[in-house]
Amino acid sequence: MTSTIAGFDTRRVTVAEDVALHVAVGGSGRPIVLLHGFPQTHLMWRHVAADLAADHTVICPDLRGYGASDKPAARDEDTYAKRTMAADVVALARALGHERFALAGHDRGALVAVRAGLDHPDAVTHLASLDVLPTLDMWEVLHGASASVAFHLYLMAQPPGLPERMISASADDFFGYFLDAWAGDPAAVPADVRAEYLRASREAVDSIVADYRASAGIDVAHDRADRAAGRRLAMPVTVIQQDWGAALGYDAAAVWRAWAPDLEHRTTSAGHFLAESAPAEVSAALRALLAR
């Protein structure tokens, strides 16, 4: 069973009083942290991480609540707030000896990365987001029947209890649906990797739902406060995403530019799991970002 990135060392690093993250580390040089999305683990970065490790220290954690990282019970809305998860990432990098680092995230990991960039501008030197919008904007662009593409956001936004029971009752079907529906190239997620994602997600239903529930509550509040205060991402930012703007009727580059004045925005036809279906494209974009 493939469970980590070939050639990388794995360890557990304590990042908060009750949370240790499982992390794979490889390479040497300027550090870059890569954050995975849903329903995945750090393994989604296996191709990109191996490429970047030729001249960078590459740090690939499982986010709190995912994979082999700790999954604390959601005592309150802050437990899985992106602000809390971003603080985990900064603490992780610091524990590994890096006060400043580049940061790239896919899907859920991109939301954590954006929050880290807003909350810790002195730590994050460069930021990349793969195939997601900032939390507040994500909710604002979903309207009417077209919002059905994001049905899982609404399901997991419900109060604790029903979403967890429903998903747990058919976990492999639920998580597998997204792995199949979102893959631009099914071969990009081979059977052993797919099985690992399903196993990891099946064992993390409560914490995954808590992560999504936070994005319908406390994360929106944090984004609204930043928007009202005029806070923006001060570092160079690269966004790569499918052409969701055309599909849902908004200007994706303009949405991002409101948060990131130093922006490189590009669209891809590689599907949602682009780090797996088009790793060379992603690696090249990250290298270009790091050169800015």
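Residues numbered from 1 in each chain as written. Predicted model: local features only at pLDDT ≥ 70, side-chain atom pairs only at ≥ 80, totals over all residues. Heavy atoms only, no water.

A. Representation of the side chain of Asp-137 in the model. For Asp-137, the position within the fold is in helix H4 (residues 135–141). A relative accessible area of 6% means that Asp-137 is categorised as buried. A polar contact of 2.7 Å, which involves the side chain of Asp-137, links it to the side chain of Trp-259. With residues near it in sequence (within four places) discarded, Asp-137 still touches Arg-227, Val-255 and Trp-259. (Helix = DSSP H or I, 4+ residues; strand = E, 2+ residues; numbered from the N terminus. Buried < 20%, exposed > 50% of the residue type's maximum accessible area, 1.4 Å probe, protein only. Polar contact = N/O pair within 3.5 Å; in protein donor to acceptor, adjacent residues only side chain to side chain. Contact = heavy atoms within 4.5 Å.)

B. Highlighting the pairing of strand S1 (residues 9–16). Bridge count for S1 against strand S2 (residues 19–26) is 7 bridges, and the pairing is antiparallel. Along S2, the bridge assignment pairs Asp-9 with Val-25. Where S1 hands over to S2, the hairpin turn is made up of 2 residues, counted between the paired strands. (Pairing = 2+ DSSP bridges.)

C. The arrangement of helix H6 (residues 162–169) in detail. Listed in full, the buried residues belonging to H6 are Pro-163, Glu-164 and Ile-167. Within H6, the buried residues cover an arc of 95° as seen down the axis, which keeps them to one side. Of the exposed residues in H6, the ones pointing more than 90 degrees away from its buried face are Arg-165 and Ala-169. Of the surrounding secondary structure, the elements contacted by the buried residues of H6 are helix H5 (151–156), helix H7 (171–181) and helix H9 (205–214). (Arc of directions from axis to C-beta.)

D. Summary view of the pattern of salt bridges. Under the counting rule described, the total for this entry stands at 24 salt bridges. Linking Asp-226 and Arg-115 is a salt bridge whose minimum nitrogen-to-oxygen distance equals 2.6 Å. Pair noted here: Asp-226 is in helix H10 (residues 218–229) and Arg-115 is in helix H3 (residues 108–119), with a separation of 111 residues, a long-range link. Per residue, the accessibility class of Asp-226 equals that of Arg-115, and both read buried. A salt bridge links Arg-194 to Asp-180; the shortest N-O distance between them is 3.0 Å. Here Arg-194 is found in helix H8 (residues 191–202), whereas its partner Asp-180 is found in helix H7, with 14 residues between them in sequence. The structure contains a network of salt bridges with shared partners spanning Arg-83, Arg-115, Asp-119, Asp-223, Asp-226 and Arg-231. (Salt bridge = Lys/Arg side-chain N within 4 Å of Asp/Glu carboxyl O.)

E. Examining the packing of aromatic side chains more closely. Overall, the coordinates contain 12 aromatic pairs when judged by the stated rule. Geometrically, the ring pair formed by Phe-38 and Phe-178 is edge-to-face, given 5.3 Å between the ring centres and 65° between the ring planes. Of the two residues, Phe-38 sits in the loop between strand S3 (30–35) and helix H1 (46–52) while Phe-178 sits in helix H7, which places them 140 residues apart along the sequence. The exposure class assigned to Phe-178 is buried, which follows from its relative accessible area of 0%. Residues Phe-151 and Tyr-177 carry aromatic rings whose centres are separated by 5.9 Å and whose planes lie at 70° to one another, so their mutual orientation is edge-to-face. Highlighted residues: Phe-151 in helix H5 and Tyr-177 in helix H7, separated in sequence by 26 residues. In textbook terms, an aromatic cluster arises when at least three aromatic residues are bridged by ring pairs, as seen for Phe-38, Phe-151, Phe-174, Phe-175, Tyr-177, Phe-178, Trp-182, Tyr-212 and Phe-273. (Phe/Tyr/Trp six-rings, centres within 6.5 Å; stacked < 30°, edge-to-face > 60°.)

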